[in-house]
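Chain and residue survey
Residues per chain are reported as follows:
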Number of protein chains: 2
Amino acid sequence: MNNLLVRYLPIMTWGRTYNRSAFTNDMVAALIVTIMLIPQSLAYALLAGLPPEAGLYASILPIILYAIFGTSRALAVGPVAVVSLMTAAALGNIVDQGTVGYAMAALTLAFLSGAMLLAMGLFRLGFVANFLSHPVIAGFITASGIIIAASQLKHILGIGGGGDTLVEIVEGLFEHIGEVNWITLVIGVSATGFLFWVRKGLKPLLRKMGASAGLADVATKAGPVAGVVLTTAAVWLFGLADKGVAIVGEVPQSLPPLTMPDFSPDLLWQLLLPAFLLSIIGFVESISVAQTLAAKKRQRINPDQELIGLGAANLGAAFTGGFPVTGGFSRSVVNYDAGAETPAAGAYTAVGLAIAALALTPLIYFLPKATLAATIIVAVLSLVDFSILKRSWAYSKADFAAVLATILLTLTMGVETGVSAGVALSVILHLYKSSKPHIAEVGLVPGTEHFRNILRHRVETNPKVVNLRVDESLYFANARFLEDKIYDRVARDKDVRHVVLQCCAINEIDLSALESLEAINSRLSEMDVSLHLSEVKGPVMDVLKRAHFLDELTGKVYLSQFEAASALK
Amino acid sequence: MNNLLVRYLPIMTWGRTYNRSAFTNDMVAALIVTIMLIPQSLAYALLAGLPPEAGLYASILPIILYAIFGTSRALAVGPVAVVSLMTAAALGNIVDQGTVGYAMAALTLAFLSGAMLLAMGLFRLGFVANFLSHPVIAGFITASGIIIAASQLKHILGIGGGGDTLVEIVEGLFEHIGEVNWITLVIGVSATGFLFWVRKGLKPLLRKMGASAGLADVATKAGPVAGVVLTTAAVWLFGLADKGVAIVGEVPQSLPPLTMPDFSPDLLWQLLLPAFLLSIIGFVESISVAQTLAAKKRQRINPDQELIGLGAANLGAAFTGGFPVTGGFSRSVVNYDAGAETPAAGAYTAVGLAIAALALTPLIYFLPKATLAATIIVAVLSLVDFSILKRSWAYSKADFAAVLATILLTLTMGVETGVSAGVALSVILHLYKSSKPHIAEVGLVPGTEHFRNILRHRVETNPKVVNLRVDESLYFANARFLEDKIYDRVARDKDVRHVVLQCCAINEIDLSALESLEAINSRLSEMDVSLHLSEVKGPVMDVLKRAHFLDELTGKVYLSQFEAASALK
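This section reports on the structure supplied with the text. (Residues numbered from 1 in each chain as written. Chains lettered and ligands numbered in written order. Predicted model: local features only at pLDDT ≥ 70, side-chain atom pairs only at ≥ 80, totals over all residues. Heavy atoms only, no water.)

**Structural notes on the overall build of chain A**
Counted only if it meets this: Numbering of helices and strands runs from the N terminus, with a helix taken as a DSSP run of H or I at least four residues long and a strand as a DSSP run of E at least two residues long. Here the term buried applies to any residue with accessible area under 20% of the maximum for its type, exposed to any over 50%, and partly exposed to those in between, with areas from a 1.4 Å probe on protein chains only. The charge count treats Lys and Arg as positive and Asp and Glu as negative. His and the chain ends do not count. Charged side chains are reduced to one point each, which is NZ for Lys, CZ for Arg, CG for Asp and CD for Glu.
Broken down by element type, chain A carries 23 helices and 8 strands. Looking at the 569 residues of chain A, the share that counts as buried comes to 56%. Positive and negative side-chain charges of chain A, numbering 41 and 42 respectively, have mean locations separated by a distance of 10 Å.

**Considering the packing of aromatic side chains**
What counts, and what does not: Two aromatic rings from Phe, Tyr or Trp, using only the six-membered ring of Trp, form a pair when their centres are within 6.5 Å; if the ring planes differ by under 30 degrees the pair is stacked, by over 60 it is edge-to-face, and anything between is tilted. Only Lys NZ and Arg CZ are tested; either one counts as a charge over a ring when it is within 6 Å of the ring centre and within 35 degrees of the ring normal.
According to the stated counting rule, one finds 18 aromatic pairs over all chains in the structure shown. Aromatic pair F111 of chain B and F319 of chain B: ring centres 6.1 Å apart, planes at 85 degrees, arrangement edge-to-face. You can see F111 of chain B sitting in helix 6 (residues 100–122) and its partner F319 of chain B sitting in helix 12 (residues 303–319), a full 208 residues away along the chain. Classification of F319 of chain B as partly exposed rests on a relative accessible area of 27%. The ring of W393 of chain A carries the charged tip of K397 of chain A above its face, separated from the ring centre by 4.4 Å.

**A short note on the pattern of salt bridges**
As a reminder of what qualifies: Whenever Lys or Arg places a side-chain nitrogen within 4 Å of a carboxyl oxygen from Asp or Glu, that contact is recorded as a salt bridge.
Taken as a whole, this structure holds 18 salt bridges over all chains when the rule is applied. As a salt-bridge pair, D471 of chain A and K537 of chain B come within 3.9 Å of each other at their nearest N and O atoms. Of this pair, D471 of chain A sits in the loop between strand 5 (465–470) and helix 19 (476–492) while K537 of chain B sits in the loop between strand 7 (530–534) and helix 21 (538–546), on two different chains. Given the relative accessible area of 9%, D471 of chain A is considered buried. Residues participating in the shared-partner salt-bridge network are R391 of chain A together with E515 and E518 of chain B.

**Thoughts on the sheet that holds strand 3 (residues 439–444) of chain B**
All names here are of chain B. Here is the rule we go by: For two strands to be treated as a pair, DSSP must find no fewer than two bridges joining them. Two residues form a contact once any of their heavy atoms are found within 4.5 Å. The axes are straight lines fitted to the C-alpha atoms, using for helices just the contacting stretch, and the angles between their N-to-C directions are given from 0 to 180°.
Strand order in this open sheet of 6 strands is 4-3-5-6-7-8, and the pairing throughout is mixed. At either margin of the open sheet sits one strand with a lone partner, and together these are strand 4 (451–453) and strand 8 (557–558). Judged from the 5 bridges that link them, strand 6 (residues 498–502) and strand 7 form a sheet pairing that is parallel. Among the inter-strand pairings, V499 is bridged to a residue of strand 7, identified as L531. Each of strand 3, strand 5 (465–470) and strand 6 touches helix 19 (residues 476–492); the most contacted strand, strand 3, lies at about 45 degrees to it.

**Looking at the relation of the copies chain A and chain B**
Threshold: Our superposition of the copies is a least-squares fit, built on the C-alpha atoms of residues whose pLDDT is at least 70 in both.
The operation relating chain A to chain B is a screw motion whose rotation component is 180 degrees, with 0.0 Å of axial translation and a residual RMSD of 0.1 Å. Taken together, the rotation and translation relating the two chain copies correspond to the operation of a two-fold axis. Ranked by how close their C-alpha atoms come to the rotation axis, the residues of chain A are headed by A505 of chain A, at 2.8 Å.

**A few points about the pairing of strand 5 of chain B**
All names here are of chain B. To keep things clear, this is the line we draw: A clockwise path from the first strand over the helix to the second, with the strands pointing away from the viewer, defines a right-handed crossover.
Counting buried residues along strand 5, 6 of its 6 residues qualify, which places the element largely inside the surrounding structure. Because side chains alternate across strand 5, one face comprises the buried residues V465, N467 and R469, and the other comprises V466, L468 and V470, equally buried. Examined bridge by bridge, strand 3 and strand 5 share 3 bridges and lie antiparallel to one another. Paired with A440 across the two strands is R469, which belongs to strand 5. The handedness of the strand 5 to strand 6 crossover, carried by helix 19, is right-handed.

**Focus: the environment of E53 of chain A**
Residue and element names in this part refer to chain A. Structurally, E53 is set in helix 4 (residues 53–69). Here the alpha-carbon distance between E53 and S41, two residues 12 residues apart in the chain, equals 8.2 Å. Those residues in contact with E53 that sit more than four places away from it in its chain are V251 and P252.

**Looking at the state of the cysteines**
Residues and elements named next belong to chain A. Selection criterion: Disulfides are defined in this document as cysteine sulfur pairs within 2.5 Å.
Evaluated as defined, the whole model comprises 0 disulfides over all chains. Cysteine C504 shares no disulfide, and the gap to the nearest cysteine sulfur, in C503, comes to 7.9 Å. Residue classification places C504 among the partly exposed positions, given a relative accessible area of 26%.

**A look at the nonpolar core**
Nonpolar side chains tend toward joint burial in soluble globular proteins. So the rule is basically this: Think of a nonpolar core as a cluster: buried Ala, Val, Leu, Ile, Met, Phe, Trp, Tyr and Cys residues, connected wherever their side-chain atoms sit within 4.5 Å.
Core analysis: the largest hydrophobic core is formed by 146 residues, its most contacted members being L482, L501, I509 and L524 of chain A. At 15 residues, helix 11 (residues 265–296) of chain B tops the list of elements feeding residues into this core. Counting residues in hydrophobic clusters, the runner-up holds 145 residues, among them V33, A275, L307 and A373 of chain A.

**What to know about a nonpolar patch on the surface**
Rule in force here: The patches described consist of residues with a relative accessible area above 30% and no salt bridge, like charges being joined within 9 Å and nonpolar side chains (Val, Leu, Ile, Met, Phe, Trp, Tyr) within 5 Å. To be clear on the numbers: accessible area is Shrake-Rupley with a 1.4 Å probe, and residue cover counts the displayed protein chains and nothing else.
A cluster of nonpolar residues, L122, F123 and L125 of chain A, forms a patch on the protein surface that exposes about 300 Å² of accessible area. On the secondary structure map, F123 of chain A appears in the loop between helix 6 (100–122) and helix 7 (134–157).

**Quick notes on unusual backbone geometry**
Residues and elements named next belong to chain B. One non-glycine residue, D528, lies in the positive phi region at around 65 degrees. Turning to its location among the elements, D528 is positioned in the loop between helix 20 (511–526) and strand 7. Judged by relative accessible area, D528 falls into the exposed class, the value being 57%.

**Thoughts on the sheet that holds strand 6 (residues 498–502) of chain A**
Residue and element names in this part refer to chain A. Pairing is mixed across the open sheet formed by 6 strands, whose spatial order is 4-3-5-6-7-8. Each edge of the sheet is formed by a strand with only one pairing partner; in this case those strands are strand 4 (451–453) and strand 8 (557–558). Packed onto the sheet, helix 19 meets strand 3 (439–444), strand 5 and strand 6 and runs at close to 45 degrees relative to strand 3.

**Details of the packing of helix 5 (residues 81–92) of chain A against helix 11 (residues 265–296) of chain A**
Packed helices, taken two at a time, are described by the angle their axes make and the gap between the axes. All names here are of chain A. Basically, it comes down to this: Small angles under 35 degrees read as roughly parallel and large ones over 145 as roughly antiparallel, with 65 to 115 read as roughly perpendicular and the rest as oblique. Residue polarity is assigned by list, with Asp, Glu, Lys and Arg as charged and Ala, Val, Leu, Ile, Met, Phe, Trp, Tyr, Cys and Pro as nonpolar; anything else, Gly included, falls into the polar class.
At a minimum axis separation of 10 Å, helix 5 and helix 11 run at an interaxial angle of 175 degrees. By the criterion of interaxial angle, the relationship of helix 5 to helix 11 is roughly antiparallel. Here V82, V83, M86, T87, A90 and L91 of helix 5 come into contact with helix 11, specifically with L271, P274, L277, L278, I281, G282 and E285. Here the contact of helix 5 with helix 11 is built from residues that sort into 10 nonpolar, 2 polar and 1 charged.

**Here's the deal with empty space enclosed by the protein**
Residue and element names in this part refer to chain B. Stated formally: The pocket and cavity definitions rest on a 1 Å grid over protein atoms only: a 1.4 Å probe that fits but cannot leave marks a cavity, an open set with protein on both sides within 12 Å along at least five of seven lines marks a pocket, and residues lining either have an atom within 4 Å of a point. Grid points are joined across faces, edges and corners, and a volume is the space filled by probe spheres set on the points.
Inspection of the entire model under this criterion finds 11 cavities of 30 Å³ or more. A volume near 110 Å³ is recorded for the largest cavity. Among the elements of the structure, helix 4 (52–69) and helix 14 (344–360) are those that each provide at least two residues to the lining of the largest cavity. Among the elements that take part in the lining of the largest cavity, helix 4 stands out by supplying 3 residues, more than any other. Its residues assigned to classes, the lining of the largest cavity comprises 9 nonpolar, 5 polar and 1 charged.

**Brief notes about the interface of chain A and chain B**
As a reminder, the rule being used: As a working definition, buried area equals the accessible area (1.4 Å probe) given up by two parts on being put together, with both sides summed. Counting of polar contacts relies on pairs of N or O atoms within 3.5 Å, with two restrictions inside protein: one atom must be capable of donating a hydrogen and the other of accepting it, and residues adjacent in sequence are counted only when both atoms are side-chain atoms.
Between chain A and chain B, the residue contacts involve 74 residues of the former and 74 residues of the latter. Ranking the residues of chain A by area buried against chain B places R298, Y395 and R480 of chain A at the top, with a combined share of 15%. Between chain A and chain B we count 8 salt bridges in total. At the boundary of chain A and chain B, one finds 28 residue pairs in polar contact (both at pLDDT 80 or more). Elements with a contribution of two residues or more to the side of chain A that touches chain B: helix 7, helix 11, helix 16 (387–395), helix 18 (415–435), helix 19, helix 20 (511–526) and helix 21 (538–546) of chain A. The element that contributes the greatest number of residues to the side of chain A that touches chain B is helix 19 of chain A, accounting for 11 residues. Of the residues belonging to the side of chain A that touches chain B, the class tally is 32 nonpolar, 15 polar and 27 charged.

**Structural notes on the packing of helix 9 (residues 182–208) of chain A against helix 10 (residues 213–238) of chain A**
Residue and element names in this part refer to chain A. The following threshold applies: Each helix crossing is assigned a hand: it is left-handed if the near helix lies turned anticlockwise from the far helix by less than a right angle, otherwise right-handed if that turn is clockwise.
Taken N-terminus to C-terminus, the directions of helix 9 and helix 10 make an angle of 160 degrees; their axes are 9 Å apart at the nearest point. Considering their axes alone, helix 9 and helix 10 lie roughly antiparallel with respect to each other. For the pair helix 9 and helix 10, the sense of crossing is right-handed. Facing helix 9, whose interface residues are I187, A191, F194, L195, V198, L202, K203, L206 and R207, helix 10 presents A213, A216, D217, A219, T220, G223, P224, A226, G227, T231 and V235. Considering only residue class, the contact of helix 9 with helix 10 consists of 13 nonpolar, 4 polar and 3 charged.

**Focus: helix 10 of chain A**
An α-helix turns once every 3.6 residues. As a result, residues three or four positions apart point the same way. Residue and element names in this part refer to chain A. The cut-off we apply is this: A helix is expected to reach a length of 1.5 Å times the quantity of its residues less one. A residue's bend is simply the angle between two axes: one fitted to the seven residues ending at it, one to the seven starting at it.
With 26 residues, helix 10 extends 36 Å between its outermost C-alpha atoms, agreeing within 8% with the 38 Å of an ideal straight helix rising 1.5 Å per residue. The sharpest bend along helix 10 comes to roughly 45 degrees, located at G223, with the proline P224 sitting one to four residues further on. The secondary structure elements touched by the buried residues of helix 10 are helix 3 (20–47), helix 9 and helix 15 (369–381). With a side-chain oxygen positioned 3.2 Å from the backbone nitrogen of L215, the residue opening helix 10 is S212. Backbone geometry just downstream of helix 10 places G239 in the positive-phi region, at approximately 60 degrees.

**A closer look at the pairing of strand 3 of chain A**
Residue and element names in this part refer to chain A. For strand 3, a buried count of 6 out of 6 residues is recorded, marking the element as mostly surrounded by other parts of the structure. Neither face of strand 3 is left uncovered, since the one carrying I439, E441 and G443 and the one carrying A440, V442 and L444 both have all their residues buried. Here 3 bridges tie strand 3 to strand 4, and the two strands are oriented antiparallel to one another. From the neighbouring strand, V442 faces strand 4, where its bridge partner is N453.

Geometric values such as these leave the question of function open.
Take a look at the structure:
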């Protein structure tokens, strides 16, 4: 019982040794993260197509639940850009933005995602996420960043528009370009410029002016808040809301409300695939942040338990007016850098955000949406990184094809199609590669016991013996390829009496491959050719024995290729 | 030009050396095969839901085209049981049997299948067929055999019914069981019993009576014809057709007509997937027969050219009133055993069948459908073989799961679902297996230079060094698994200062795995642990160099694990 508790409740481990020093460090980190999260949470709610307070709600209970169930000590959970985009894309196809149904569907999506993550964690199915290859993720994040940035331009311009793909968004912008609100544009462009400058130029400037590194850091992080304060003040002072500048408006002053997702089977069914994709993407993003930060302190991250933590966080979001959440990169890094020692820092952040939701919302009445859009644009443009195209091109054409397809399809067909196609393509290309394994004909390097490719090295061969080295495990997709190669080689050369397969690189032989070996063995025997094996690995040998293949084998199994060659001389 | 001709027209190779002796042997084989094919062709047309003459037509031009384009010297192309069943299943969902549209759709299916096979051959895409694992094929063939046999029971009973799955067929039988025609039942049961006896008992009997082996063989093969003759005569003499015995009836006396498939986009779209599955199944069946027979004479089969040959045959069927065809097992074996030397034997068979279509069809007016059903049942029951379940259970649970799913889904959901699910499941299980590769911590076997699993052998270890051997190529699906394993191992043991990866079983490292290695390298370095590699294969080393990974590596690359251990002592 106690073991189970420790396994599923990491808080039981770190909670026992929690002390005053950890508390102080966690409090400081929480304060900094809270200041950073307020504008970010509002902005991501906007991106997801939800009212701003949903962003705050999505950060409160989820953070606390992750603190209880998660294994990372620094991960900060809440709305993040890509997951918010995926939320908007998933819901946009089903319900109209701004309706009660939309917010309900967001709760349902968070619920489904939470349930899936929790189930994957309990049944240890985290490996599913491994089918998202790095290049596919990199391509997907880059394309998503572009779509997100493009989708915010309408707020900067103060016009209408919409769409889930780059094509739709650009069309929407052109359609509404005549309606530009110039004051909004000025605010939006200034805010964007200011935030970029805070990110790149403020820190060096402060350092040059003699500020300490710590102060410069905090100032940089508080930059977005300054942007919020300045633009809100400007709108309020000059009455710009009456001149068509879109503002956040009234936000209820309340703790997260208790909400119930919509469990209608139709909706659940429609959201099933989006929820799955969003969960996997969120999990992959979260775990890589968690592992990066844990490595710095030699801490362990348990992927299955992470699934449970994120699952609990999403379930929390579903029942408290939020939307899908995951561990975010920037907020987690800030949390870590600010000295967070335990997940309790997250809980204190939650308290800070709860106070904000309760007390500070009247202050953001005049906050222009253009400022939030600027926050989003500046945050996501750091995600856009086309270097993966160059890198994958240089490394392998298969990886390049998967990245390119992911980027192009995400931009033109939407996030769900893009990421699904990327995964499908990388699986197919992987299977294709392993379906045509490298099979080298080898010969003896004179004066040694080594065998090398006859095409690359000067080696000794025996006209009666063909030595083949297979550089891949044998399974159904390449079993027939091996058959073809061997029949071809033997039919080409009537002198051959022995075929020796050097099996040092064969880690597995499945039933199809075994049957192919049996067919090879019996067909070769009809041609008066014996089949031999050499350097068979222990586990493979066990399997061949169990299947009685060795009894049928017309030749022998040799410990080494050299032994085989000597015996057949 | 000449090379191209030789490559794409195998007839250019064997045609040049064709002589009188080959001609005689081919003619004898053709005669025997023709006699065997007449009832079989009629029966498979019935199985496909088409008029009997379609079976003859499907055997004439296709055989000739395969003789020109195919590489097997003994393969006999025409309607076969499983492909006929798949034809019926594909068409049954779209058009009603017995209508003109049904026959047209059969032509379209043959056309699509021919075009796909041809394209796969020209673009060398034959590897696609490799994703059908042996156990999945075995399960599929067994389940198809059961469905086919069950589907013929209605003809034996002389009742109505139908259905594409075992469930539907059995339901249909129960529904119509009251309509049994007892005379039909007597004919059907006698014919089935007779054919079984011919197959099993006739040859030993004739041999015991002193007949030569050759004569006994021919008699066995002519058995079905005897069945046809006897039951046809019985129906004719006793006027049984008037008593409700279903007969073949009028069959046009004609050479294969020139026909045009229906190219409406809707139909093409609906038949796309069925045509693809049917083409792949047909190709796999055909090539394994061709390879078995070719091996006996040390002849070569070119899989890409086989695709072209089968593609041409199906296109031929599409334009001459046929339906999808492939190389059949029993007819090819008979052809081979009867002494066929070249594909010309196929052409002579075609002539024989053309004569039959032109002259003999009035003779089969009174042929009872029950006899054809008996022919099918006896032929397909030899396909049913549940031993694959036992064999795969003993060999590997993953293979077993794929077989079981294929059999159950084929029987209950139909052939297309069954085979698709089998393929999908075997791919997923393969990926799952390779996503959790065997990673052994190894230590030095005292007094040797060998490293073995520390859990299985008494070995020397060094508390500062972790030696890990990865028994699988590294790619996206297992890259993160490796990361987790290493972080886990290192976080568990604070003394560790070096991690050595023994890479002897790593045949490939894709970009995801490279990035995981980079992450491992940099995260370990944050923990003050160096990463080393040993026994890296040449091609993998090239790739790592090209990606500049070796420049970043905190440790070194050693030629052998022993060298690494010595250096780090």
